[in-house]
Amino acid sequence: MATDKVVDDLDRIDRRLIDRYQRSLPLVERPFAAMAEELGLDEQALIERLQRLCDLGVVGRVGAVFDHRQAGASELVAVAVPDHRREAVAQIINACPGVNHNYWREHRYNLWFVVTAPDSTSLELRLTRLETELATPLLRLPMVQSYHIDLAFALPWAELEEA
């Protein structure tokens, strides 16, 4: 998670990059090149900038969000993790192919994540392997109804730059 100091140190291009692309990446063969051109950068400079923003904790993920039912299978999963194992378990989960986010919750099942796979057989295999690696049972919560959640956020500097 980025600190206020890190956020204060973002330059105008960082801020434009985050503002412009937090909801829509270009659907082209080379999206980073298209983004770079719009921002007046070269592709490699844009990629390095995104990596720096990820390393600083300003950006958590760069990638498309899509309707998983059109491209495979997915499942919401929860696991009960003792506080002292939280970081270690989160790292193992994050290394699992198809995990697109995880988050800590105040509940007996306190670490939640979504995992995707090309099909239900592959999904089951991934979850079984993960359960074995964690040596902890997973609570598997298949989707009953789909909801669109806008994951973009109002940014603190947007109002300042409009003034």
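What counts, and where the lines are drawn
Residues numbered from 1 in each chain as written. Predicted model: local features only at pLDDT ≥ 70, side-chain atom pairs only at ≥ 80, totals over all residues. Heavy atoms only, no water. 1 Å grid on protein atoms, 1.4 Å probe; cavity = no way out; pocket = protein on both sides within 12 Å on 5 of 7 lines; lining within 4 Å. Points joined across faces, edges and corners; volume = space filled by probe spheres on them. Helix = DSSP H or I, 4+ residues; strand = E, 2+ residues; numbered from the N terminus. Nonpolar A, V, L, I, M, F, W, Y, C, P; charged D, E, K, R; others polar. Pairing = 2+ DSSP bridges. Axes fitted to C-alpha atoms, helices over the stretch in contact; angles between N-to-C directions. Contact = heavy atoms within 4.5 Å. Expected span 1.5 Å × (residues − 1). Buried < 20%, exposed > 50% of the residue type's maximum accessible area, 1.4 Å probe, protein only. Arc of directions from axis to C-beta. Polar contact = N/O pair within 3.5 Å; in protein donor to acceptor, adjacent residues only side chain to side chain. Phe/Tyr/Trp six-rings, centres within 6.5 Å; stacked < 30°, edge-to-face > 60°. Lys NZ or Arg CZ within 6 Å of the ring centre and 35° of its normal. Core = buried A, V, L, I, M, F, W, Y, C linked by side-chain atoms within 4.5 Å.

> Tell me about the layout of surface pockets, residues and numbers included.
Of the volumes computed, that of the second largest pocket is approximately 160 Å³. What lines the second largest pocket is Arg86, Glu87, Ala90, Gln91, Asn94, Asn102, Tyr103, Trp104 and Leu111. Secondary structure elements with two or more residues in the lining of the second largest pocket: helix 5 (86–95) and strand 2 (99–104). If one sorts the elements of the lining of the second largest pocket by residue count, helix 5 sits on top with five residues. Considered class by class, the residues forming the lining of the second largest pocket number four nonpolar, three polar and two charged.

> An account of the sheet that holds strand 1 (residues 73–79) is needed here, citing residue identities and associated values.
The sheet built from four strands is open, its strands ordered 2-3-1-4 with antiparallel pairing. Since the sheet does not close on itself, it has two edges, and those belong to strand 2 and strand 4 (139–141), each with one partner. Across the sheet, the mean angle from the axis of one strand to that of its neighbour is 20°, orientation sign disregarded. Pairing between strand 1 and strand 4: three bridges, direction antiparallel. Residue Ala78 lies in a different strand from strand 4, and its bridge partner there is Leu139. Contacting strand 1, strand 2 and strand 3 (111–117), helix 5 crosses the sheet at an angle of about 165° to strand 2.

> Pulling in residues and values, what's your account of helix 6 (residues 120–134)?
Here helix 6 contains 15 residues, and its C-alpha end-to-end distance of 21 Å stays within 8% of the 21 Å for a straight helix at 1.5 Å per residue. Buried residues of helix 6: Leu123, Leu127, Leu130 and Leu134, and no others. Buried residues in helix 6, looked at end-on, bunch into an arc of 60°, giving them a common side. Turned more than 90 degrees from where helix 6 packs its buried face, Thr121, Arg129, Thr132 and Glu133 sit exposed. Where the residues of helix 6 are buried, they touch strand 1, helix 5, strand 3 and strand 4. By the N-cap criterion, in which a side-chain oxygen at the helix start approaches the backbone nitrogen of a residue two or three places on, helix 6 is capped by Asp119, the distance to Thr121 being 3.1 Å.

> How would you sum up unusual backbone geometry? Please name residues and give values.
Not every positive phi belongs to a glycine, and Ala135 is a case in point at roughly 55°. Relative to the elements of secondary structure, Ala135 occurs in the loop between helix 6 and strand 4. Judged by relative accessible area, which is 69%, Ala135 ranks as exposed.

> Now, about the packing of aromatic side chains: what can you tell me, with residues and values included?
For the structure on display, the rule yields zero aromatic pairs. The ring of Trp104 has Arg86 lying over it, and the distance from NZ or CZ to the ring centre is 4.1 Å. Against the face of Trp112 rests Arg105, its NZ or CZ located 4.5 Å from the ring centre.

> An account of the pairing of strand 3 is requested, with residue identities and associated values reported.
Counting buried positions over the seven residues of strand 3 gives seven, a clear majority of the element. Judged by which residues are buried, strand 3 turns out to be covered on both faces: Leu111, Phe113, Val115 and Ala117 on one side and Trp112, Val114 and Thr116 on the other are all buried. Alignment of strand 1 against strand 3, held across seven bridges, turns out to be antiparallel. When the bridges of strand 3 are listed, Ser74 appears paired with Thr116. Hairpin connection from strand 2 to strand 3: six residues lie between these consecutive antiparallel strands.

> Any chance you could break down the nonpolar core for me, citing the residues and the numbers?
Counting 18 residues, the largest nonpolar core has Ile93, Leu111, Phe113, Val115, Leu127, Leu130 and Leu138 as the members making the most contacts within it. Every residue in contact with Ile93, bar those within four places of it in the chain, is listed here: Val79, Val99, Asn102, Leu111, Phe113, Leu130 and Leu134. The next biggest cluster of nonpolar side chains, apart from the first, holds 11 residues, and it includes Ile18, Tyr21, Met35 and Leu50.

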